[in-house]
Amino acid sequence: MEKVPMLAEGYEKLTADLKLLRAERPKVVDAIEEARAHGDLSENAEYHAAKERQGQIEAQISDIEDKVSRAQIIDPTTLSGDRIVFGATVTLLDENDKPVRYQIVGQTEADANNGRISYNSPLGRALIGKQVEDEIEVTVPSGDKFYLVEKIEFI
């Protein structure tokens, strides 16, 4: 089984989500029972909606349990080196010499608007293994982008 790298806060969020979903399970079962009591199931929209929600919850629980069981928690403060690796915070200069800062994180933690990109994203894959002063070309939906690695931090 392939490990799923993530930061400790990503792991905490997943376990919190799992706890919420498990708490919702009995409520959905109660809703199914209540809808079933209304009689004919073939035309019972409440019953079908509750069954569909139950399926969604079970699928989400299964997915999160799988990720949690394969989690490899990485603390960036324990890392060091001169190459970009998972957990590193990287300052890049774009084509206009404007600094942009990203942290390389797991897929479940990625949020580009907050400067967190997945190690599996096009930019994340291009950055892994690079050093300060390396130039990077990334093909993204909006076209080719060029960056220069200015700084690598493990914070």
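Rules used in this analysis
Residues numbered from 1 in each chain as written. Predicted model: local features only at pLDDT ≥ 70, side-chain atom pairs only at ≥ 80, totals over all residues. Heavy atoms only, no water. Axes fitted to C-alpha atoms, helices over the stretch in contact; angles between N-to-C directions. Helix = DSSP H or I, 4+ residues; strand = E, 2+ residues; numbered from the N terminus. Parallel < 35°, antiparallel > 145°, perpendicular 65-115°, else oblique. Left-handed = near helix turned anticlockwise from the far one by under 90°. Nonpolar A, V, L, I, M, F, W, Y, C, P; charged D, E, K, R; others polar. Buried < 20%, exposed > 50% of the residue type's maximum accessible area, 1.4 Å probe, protein only. Pairing = 2+ DSSP bridges. Salt bridge = Lys/Arg side-chain N within 4 Å of Asp/Glu carboxyl O. Expected span 1.5 Å × (residues − 1). Bend = angle between axes of the 7 residues up to and from the residue. Contact = heavy atoms within 4.5 Å. Domains from an automatic or database assignment. Buried area = accessible area lost by both parts, 1.4 Å probe. Polar contact = N/O pair within 3.5 Å; in protein donor to acceptor, adjacent residues only side chain to side chain. Patch = residues over 30% accessible without salt bridge, like charges linked within 9 Å, V, L, I, M, F, W, Y side chains within 5 Å. Areas by Shrake-Rupley, 256 points an atom, 1.4 Å probe, with all protein chains shown as cover. Lys, Arg positive; Asp, Glu negative; His and termini not counted. Charge placed at Lys NZ, Arg CZ, Asp CG, Glu CD.

Let us now look at the packing of helix α1 (residues 8–36) against helix α2 (residues 45–69). Where α1 contacts α2, the two axes come as close as 9 Å, and the packing angle between them is 155°. In terms of orientation, α1 and α2 fall into the roughly antiparallel class. Helix-helix and strand crossings are classified by hand; for α1 and α2 the assignment is left-handed. The residue makeup of the contact of α1 with α2, split by class, is 15 nonpolar, three polar and eleven charged.

Attention now moves to the pairing of strand β4 (residues 99–105). Here β4 lies mainly inside the structure; five of its seven residues are buried. As paired elements, β4 and strand β5 (residues 116–118) share three bridges and run parallel to each other. Each bridged residue has a counterpart across the sheet, and for isoleucine 104 the counterpart in β5 is isoleucine 117.

Turning our attention to the pattern of salt bridges. Tallied over the full model, the rule gives nine salt bridges. As a salt-bridge pair, arginine 22 and glutamate 65 come within 2.4 Å of each other at their nearest N and O atoms. In this pair, arginine 22 is assigned in helix α1 and glutamate 65 in helix α2, connecting sequence segments 43 residues apart. Among the residues examined, arginine 22 registers a relative accessible area of 40% and is labelled partly exposed. For glutamate 65, a relative accessible area of 33% gives the class partly exposed.

Moving on, we come to α1. With 29 residues, α1 ought to run about 42 Å at 1.5 Å a step, and its terminal C-alpha atoms sit 42 Å apart, in line with that. Taken as a whole, α1 carries its principal kink of about 25° at arginine 25; the proline proline 26 stands between one and four residues after it. Among all positions in α1, only Gly10, Leu14, Leu18, Leu21, Val28, Ile32 and Ala35 are buried. Where the residues of α1 are buried, they touch β1 (4–6) and α2.

What follows covers the domain arrangement of the protein. What the domain assignment reports for the protein is domain 1 (4–73) and domain 2 (76–153). Using only C-alpha atoms to locate each centre, domain 1 and domain 2 end up separated by 34 Å. Contact with domain 1, which involves seven residues of that partner, is made by ten residues of domain 2. Carbon and sulfur atoms make up 66% of the surface buried where domain 1 meets domain 2, a total of about 650 Å² over both sides. Summed over the shared surface of domain 1 and domain 2, the result is one salt bridge. The residue glutamate 9 makes a salt bridge to arginine 116 at a minimum N-O spacing of 2.8 Å. Counting across the interface, domain 1 meets domain 2 through three residue pairs in polar contact (both at pLDDT 80 or more).

On the surface, a cluster of negative charge is made up of Asp97, Glu133, Glu135 and Glu150. Looking at where glutamate 135 falls in the secondary structure, it is placed in strand β6 (residues 135–140).

The pairing of strands in a sheet comes from backbone hydrogen bonds and takes either a parallel or an antiparallel form. Taken in spatial order, the five strands line up as β5-β4-β3-β7-β6 in an open sheet, and their pairing is mixed. Edge strands, defined here as strands with exactly one partner in the open sheet, are β5 and β6. Within this sheet the neighbouring strands show an average axis-to-axis angle of 45°, counted without direction.

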